[in-house]
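Structure assessment
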Amino acid sequence: MDLWRKLQNVRLIVILLYFLTIRSSFSQIDGITPIDEDERSFIVEARPPGRNTGNSYKPMFVDCANYSNTEIEEEQTPGLYVATVHAIDDDEPESGGIVTYSIIQREGVRSQFRINNETGEITTATVFDRDEPSRQKEVYLTVRANDNGWPVLADICTFKITIKDINDNPPQLDKLKNEASVSEDLTIDREVMRVFAYDIDDRENARLTYALKNSGELEKYFAIDNRTGVITLRSSLNGKRGVTFSSQVIVNDNPINITQRKQNIGDIKITVVGSDKQLPTFVEYPKEPIYVKENFRNFEEHFAIITAQSNIKSNNLRFELIRGHTTQTNKDSTFKLTPINETSAKITLGRTLDYETVTEYQLTVRVENKDSLAAAITIDFKIEDVNDEIPDFVDIVTGSVLENEEPGAEVMQVRAIDKDGTSAHNIVSYTLNSHEQLFSVDSKTGKVVTKVRFDREAQDVYNIEIIARDNSPSALRTSSTDPNSSTQTFRVTIEDKNDNKPEFSESIYRVDNLSENIDIGHLAIEVRANDMDSASVIRYNITSGNEEGAFKIEESTGRIRVNATLDYEKTTTYNLTITAFDGRFEDEAKVFIFIDNINDELPIFEPYNRNITDILEEEVYTDCIITLEAWDPDIRNRDDPQNIVYQVDEKYRHFLEVDKDGCVKLTKPLDRDKPNGSPSYQAFIIAYDDNNGPNAQQQSAEIFIILNDINDNAPFLITTTVVWMEREEPGEITTLEADDFDSPENGPPFIFAFSDSVGEDIKSKFQIQGDRLYALVEFDREEQKYYDLLINITDSGKPPKSGVSVLRVIIGDVNDNPAGDGKSEIFVYNFEGSAPDVQIGRVFVEDLDDWDLPDKVFQWATGPHEFFNLNSDNGTLTMLHRTPANEYILEFKVTEESTLIDRHTVSAIVNVTVRDIPKEAVVRSGSMRLSGMDAETFVARIDGISPKDVLHAQLSHILNATKENIDIFTVLRTSGSDSMIDVRFSAHGSPYYAPERLNSKISLNVLQLERVLGVEFVMISISECILETICEAGTSCSNHLDISEIPAIVFTNRTSFVGVNAVVRPVCDCRAFDVYERCLNGGTYNEETKTCICQTEYEGPNCEALAIGFKGNGWAMYPSFEACNATRITLEVTAEEDDGLIFYVGPMSIQPKPLVEDFMSLELKGGFPVIYLNYGSDTLEVSLRTKKLTDGGSHTISISMKSTEVSISVDDCHRSDCVIYGHPPGPNGLLNVNGPLQVGGTRDDLNAVAQLLRWNHVPSPKGFVGCIRNLTYNEQLYNLGVPGEQLNAISNCNWGIAKAVTFGIDSNFLVAILVCVAILLILLLAVVVHRRKENNWNEKDADDICENIISYQDEGGGEVDTGFDMSVLKMHDKDLTSDPPINENLYKQAPEAPDISAFLNPKKDNCDRDPNSYPFDDVRYYAYEGDGNSTGSLSSLASCTDDGDLKFNYLSSFGPRFRKLADMYGEDPSDEDSHDGGEESWC
């Protein structure tokens, strides 16, 4: 029994393997993607729908043997026609009679042919080469024919394709230059030399003929054998000693088609020598071909002995076996030549022979005597074939036959190849070595047929052994005369026929509680039918009961799915009839599906009047304004509780409420009138069924509340500004028009009158009659430009209501005053010196009139300017592109003429200051938003000073920087507000200060600045993402500084300001903070590697300093966080104390008042990390208490922030116990801040901010102690080691702090030590002073100008040349010759030399203020020169550009210390070279 089970298991495995290796052939017919023709393995596929299973015959190749006569030529392009194979199948087309073809290819080998799977036409897929080195002389191709029946049946045909040679290779000469020497007494017909050539083509294409090119003299004495290339003597050479004959030899091949002939040409050179110099001659050598069997293996036995004589006195000869360029000419050293003695040598085997590779060899033996005269012969070797190849089965195919077929049915055809080169050894025959009683094989063709009928149910797989033998005794075995043979096992499968009926596993199937709202496509049930026939494919179908197509069944699997929307109210049960059909037989079953009712009907409101009237505005009602009633259609009995819950839509809850009975009430009075009210209010009341449970449905009822008006609005003027020209005679000015937000019955007609507060001055000049305003006098604009009239307006309501409006009467200008000379100034900041052509202001002249521009003509006083254009009609000045930074004095003539003014001309001067400002200044700028002043007022100078000037002076004081190093370069009206301006400024020492430092300093002085400027600070560090409403709800917002090439211009009469148009714009996306440098901290960018080259202390990819350290009393400021809806923050901390603030971002102080209350802090409490986060509603605390961070190690903190979730983890731990989550309260979801990120602590105590914003947590005032590294915000690294502003922060955590060590020493002893140290220092100082006085005049002073500057002042680096050009010290100052800084009698008056610092410090300050100098604070200009200094040489007189700069006579008054300097640069040398009489070098 166990044996039977094992056999059954084996049988099952064999069946599975069979199905995995058989390919379905109907894929192309039914539109299924075909398997690659090159693929050898097959897959079995399900029978396509409707496929007939009556496949009675297999396809047969009837002419397979003849296909082996196929020949194709080599070197043909792919696509060459090869042959067309054909197989026949006697089945009907729909039952297997359609045959398709494919090529069987060994796995991993690319197919060399293609086949049309329908016609069987075979074409090449590659280029074949019969010649060396490929030697593709023949290939074997195996083709399979599949039918389209079920099961799929196949036949296989393997045949040989011969590759024919074409003449595609020219002859090749062994040597292109052939030289020989010949004795003058050589006898006629003796050999002189041989020309060797070869051709790798075959047969006639390789047969070569030789000829001498027509050369006259040479052909007279020499002849060439056209077959062998041997050149012999034709005529005697007596008397020709020393003559050299030259010519060429032509080698031709001899193809059948003479037009395809190819040739090669080589040079011949024959020199005649004396009779004492004779060529060697061969005495003994093989003249006939030598035959050798390919299995010859004796490498010591010789094939031939070659003997020669030297024909000179010395018998010493040198033999050589020439290595040709082909295998046939011994390229591979198949043969070797070994000398025997001075006159003979032997040829032996050098490597094994193979007839199938090379059938013959042509060996060239050359012999040379001591006179270097040589002769050569050719020896032919013919290789004989032996039976040394074993037949090899080409493909291991699988055969098949249908059960119950008549004996003689073809199963398969096998094919074995014997690679022996002759038919005496390579004819293969086949015999069966197993199951001889069941099968037989044709000994010649390898075709296997059946001998009995087979029953698949008895056995479905047979493994048969077939032996392939060749036809001669084996050369591989010496003990037997049997031929070579190989044995291969082939699998034969017995295919099934459909003779069993499918049967369902159950006759009745049931599906309960299928929800009526189930998704279309949902699986309801799977039915299954079984069929004993393995080849049968069952198809399922629903034949009845499927109302409205509610369900569908998968034809191949029996899965029944929902096909349409189900409705319990229409159909509660489905009774489906299903069938299973295998192509011949079928079975039937029932499926009952019961539908479950769900809450899928919307509530329905009882009819109601949606317009609610008789509601007075501005009145509170306590009663219901309407009562609504709804019911649930899912509850069929209307008398049952309907479980309805009413709610007011969220949008309307600020003025409406509804109770459980549907009573709708007002919660506050409503306003009917503009601008904030409406005559009617729309609202929606929502009814939820199922007590508003999780599956509740809802319906809404729309209502309109119509308000009745009360007279609660005063009328107002529609037009509030009119123009009345000066000098106009009294008369009507305008008709007054008013409006009222109340309804028409409480509006017009209106009564107009002056307000009681109007003075007699107004009443004496204006009068109101009805709705008309009159002028009673003539006006002069130069006296007053406008009048504000307070007009009282009364409506016609009951009771009537009055209001006062202001009507501004502008007195229009008439040009009745002559213009006078004018002077104005314009300041221009030119961004990077690249501003385009831009209008910068207007030419100003003094004129009481201000509407007279059309009466003026503007002209240049001295002709057009190089960098400015003038509009003669309106006086507009345009600065041209690439205008250099400088101060320009522009002079103009302005001509005026009008009816009241005689023609006259006045002058105007415009002082234009152009200053270039670099990009660094703009991107590293501070910013502020001011309220209560417009841009024109901010820049306009009154009595010579403007608020901008005041701010400039204040910034100089606050930032402790000179005014020249501060730029206020942007003044813009705030977008959306006429009463606010945005101001940007920068300051620099070396380099520009960071924005965090600038804004921090300003925030400390807000009250003082507001007082002196008369403005209110709205924001410091302008952010357009401070409110969540900027972008769509939940969308990120990032600030981007947009710098335009078009300047921002503020025009006033006498002062105009042209600044940089730098505006912060919101970007609705999460972006990292702007970085404008590719490599930070002095790093340089390598274009080849695309990386930054950094100094050693800067380890970040962009040269960031990655660490910052604190001792608990410091802080550092960095760019703030953007408002992102998904944020990831990571940092590493090494904490030394349990408590402290790691970082904080949010408001810095209460001045200016924060616009939002958002903040975030990360703190240590008890050694554990805690996040405090406020999105603007309330503060969330998230504490992670699974790992203490004060264990001395470095720990990575990871923070993830989203709109609704915040998490914190330590050291990349992702377990549930080491990741803590929190959910921010309130509706807000973004962190909106504009204060800087403060790390390690905060600048100010935040208690006042917390009280103002009502925080329930105050960020810790205790600073962090330890090191913070690798802070990233959304993968962007912070430059931690270089903060924008800091206090007691330690860059890169380089502590460098000596820790105090406590010793047990008495304090008195310590005092004694300190006293001793002090005494030593005093003594040392005394010695130094004494030596200075002693060497004051005899040695070069330590305070010498050269030594002083280089040793103590220079921050720039080493010098190339240490000489000096003193003209540099005179930058932007008066000429030293006209105003020397030291009195000429100073040296005579004082015994000591003057202090050089009194001279240098003012010059140094001038350099610092120079806008064209480098932005760093050092003295490079004095000491550094050479290749790295842009200012030129300081020591060479040639470096100066002005002779006036070289007058240094006053240097002699500086005293003896500067004698050398005076001698070098003064006009008159000093009387003495030096005081000590020696020579002293300068510096």
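Heads up: these notes are all about the structure in this document. Numbering of residues starts from 1 in each chain and follows the order in which that chain's sequence is written. Local features in this predicted model are restricted to residues of pLDDT 70 or higher, and side-chain atom pairs are both shown and tallied only at a pLDDT of 80 or more, whereas totals for entire chains, interfaces and linings draw on every residue. Each side-chain value is worked out from all heavy atoms of the structure, with water and hydrogens disregarded.

**What about the overall build of the protein?**
Only DSSP runs of H or I covering at least 4 residues are called helices, and only runs of E covering at least 2 are called strands; the numbering of each starts at the N terminus. When helices and strands are tallied, the protein shows 16 helices and 92 strands. Residue burial is assigned from relative accessible area. The probe radius is 1.4 Å, only protein chains are included, and a residue is buried under 20% of its type maximum, exposed over 50%, and partly exposed in between. Here the protein holds 1483 residues, and 46% of them are scored as buried. Within the protein, residue pairs in contact and separated by at least 24 positions form 68% of the contacts whose partners lie at least 6 positions apart. What sets the accessible areas is the Shrake-Rupley method with a 1.4 Å probe; for residues, cover comes only from the shown protein chains. Accessible area for the protein stands at about 74,400 Å²; split by element, carbon and sulfur atoms hold 47% of it. A contact between two residues is defined here by any heavy atoms of the two lying within 4.5 Å.

**A few points about the packing of aromatic side chains**
To pair, rings of Phe, Tyr and Trp, with the six-membered ring standing in for Trp, must have centres within 6.5 Å; the planes then decide the type, stacked if under 30 degrees apart, edge-to-face if over 60, and tilted in the middle. Tallied over the full model, the rule gives 36 aromatic pairs. Aromatic pair Tyr-221 and Phe-245: ring centres 5.3 Å apart, planes at 45°, arrangement tilted. Of this pair, Tyr-221 sits in helix H2 (residues 217-221) while Phe-245 is found in strand E17 (residues 244-253), placing the two residues 24 residues apart along the sequence. Each of the two residues, Tyr-221 as well as Phe-245, counts as buried. With a centroid separation of 6.1 Å and 70° between ring planes, the pair formed by Tyr-829 and Phe-1057 is classed as edge-to-face.

**As for the state of the cysteines**
The disulfide criterion used throughout: a pair of cysteine sulfur atoms within 2.5 Å. On inspection of all chains with the given rule, the structure shows 8 disulfides. The disulfide partner of Cys-1094 is Cys-1103, and the S-S distance across this bridge is 1.9 Å. Of note, the bridge from Cys-1094 to Cys-1103 carries an S-S torsion of about -85° and is left-handed in sense.

**Some points on the packing of helix H7 (residues 947-958) against helix H9 (residues 1006-1013)**
Convention adopted: a line fitted to C-alpha atoms gives each axis, helices being fitted over their contacting stretch, and angles between N-to-C directions are expressed from 0 to 180 degrees. At their nearest, the axes of H7 and H9 sit 10 Å apart, and the two run at 155° to each other. The angle between H7 and H9 falls in the class roughly antiparallel. For the element pair H7 and H9, the recorded crossing hand is right-handed. Here Pro-947, Val-950, Leu-951, Gln-954 and Ile-958 of H7 come into contact with H9, specifically with Gln-1008, Leu-1009, Val-1012 and Leu-1013. Residue classes follow a fixed rule: Ala, Val, Leu, Ile, Met, Phe, Trp, Tyr, Cys and Pro count as nonpolar, while Asp, Glu, Lys and Arg count as charged, and any other residue, Gly among them, counts as polar. When its residues are assigned to classes, the contact of H7 with H9 shows 7 nonpolar, 2 polar and no charged. Roughly parallel refers to an angle under 35 degrees, roughly antiparallel to one over 145, roughly perpendicular to one between 65 and 115, and oblique to any angle outside these ranges. In this scheme the handedness of a crossing depends on how the near helix is turned from the far one: anticlockwise by less than a right angle means left-handed, clockwise means right-handed.

**Notes on the sheet that holds strand E67 (residues 876-879)**
On the basis of which strands lie adjacent, the open sheet formed by 3 strands has the order E64-E67-E66 and antiparallel pairing. The open sheet has two free edges, formed respectively by strand E64 (838-842) and strand E66 (868-870), since each of these has just one partner strand. Within the sheet, the average angular offset between the axes of one strand and its neighbour, ignoring direction, is 30°. Pairing analysis gives 3 bridges linking E66 to E67, with the strands arranged antiparallel. Looking at E67, one finds that Asn-869 is bridged to Thr-878. Two strands qualify as a pair provided that DSSP identifies no fewer than 2 bridges between them.

**A look at the nonpolar core**
Put simply, buried Ala, Val, Leu, Ile, Met, Phe, Trp, Tyr and Cys residues joined by side-chain atoms within 4.5 Å make one nonpolar core. Counting 42 residues, the largest nonpolar core has Phe-938, Leu-951, Phe-1017 and Val-1060 as the members making the most contacts within it. Residue contacts for Leu-951: discarding those within four places in its chain leaves Met-928, Phe-938, Ile-968, Val-983, Leu-1009 and Leu-1013. With 41 residues, the next largest nonpolar core counts Val-1145, Ile-1208, Ile-1268 and Leu-1280 among its residues.

**A closer look at the pairing of strand E58 (residues 751-754)**
The alternating pattern of E58 places Phe-752 and Phe-754 on a buried face and Ile-751 and Ala-753 on a face that is not buried. Pairing of E58 with strand E61 (residues 786-794), which is carried by 4 bridges, proceeds in the antiparallel orientation. Note that in E61 the partner of Ile-751 across the bridge is Thr-794.

**Brief notes about a nonpolar patch on the surface**
On the surface, Val-1315, Ile-1319, Leu-1320 and Leu-1323 cluster together into a nonpolar patch covering about 390 Å² of accessible area. With respect to the helices, strands and loops of the structure, Leu-1323 is situated in helix H11 (residues 1307-1334). Patch criteria: residues need more than 30% relative accessible area and no salt bridge. Like-charged residues are merged within 9 Å; nonpolar side chains of Val, Leu, Ile, Met, Phe, Trp and Tyr are merged within 5 Å. One speaks of a salt bridge when a side-chain nitrogen belonging to Lys or Arg is within 4 Å of a carboxyl oxygen belonging to Asp or Glu.

**Quick word on the environment of Ile-200**
With respect to the helices, strands and loops of the structure, Ile-200 is situated in the loop between strand E13 (197-198) and strand E14 (208-212). Along the sequence, Ile-200 and Pro-170 sit 30 residues apart, while their C-alpha atoms lie 8.4 Å from each other. With residues near it in sequence (within four places) discarded, Ile-200 still touches Asp-131, Glu-132, Asn-169 and Thr-326.

**Notes on the pattern of salt bridges**
Where side chains of opposite charge bring their charged atoms close, a pairing between them can arise. Within the structure shown, the criterion is met by 48 salt bridges. Between Asp-850 and Lys-785 there is a salt bridge; the shortest N-O distance is 2.8 Å. Residue Asp-850 is found in the loop between E64 and strand E65 (856-860), and its partner Lys-785 is found in the loop between strand E60 (772-775) and E61; the two are separated by 65 residues along the sequence. A residue is classified by how much of its surface remains accessible, and Asp-850, at 38% relative accessible area, is partly exposed. Using a relative accessible area of 39% as the deciding quantity, one classes Lys-785 as partly exposed.

**Some words on unusual backbone geometry**
The omega angle of the peptide bond from Pro-748 to Pro-749 is 0°, so this bond is cis rather than trans. Position of Pro-749 among the secondary structure elements: in the loop between strand E57 (738-739) and E58. With omega at -10°, the peptide bond leading from Gln-1151 into Pro-1152 counts as cis. Along the chain, the position of Pro-1152 falls in the loop between strand E81 (1140-1145) and strand E82 (1159-1165). A positive phi is found at Glu-618, a non-glycine position, where the angle reads about 60°. Its location among the elements puts Glu-618 in the loop between strand E46 (611-616) and strand E47 (626-627). A positive phi angle, near 50°, is found at Asn-1274, a position not held by glycine. Take Asn-1274: it is sitting in the loop between strand E89 (1265-1273) and strand E90 (1276-1277).

From the geometry alone we can't say anything about function, so treat these as descriptive.
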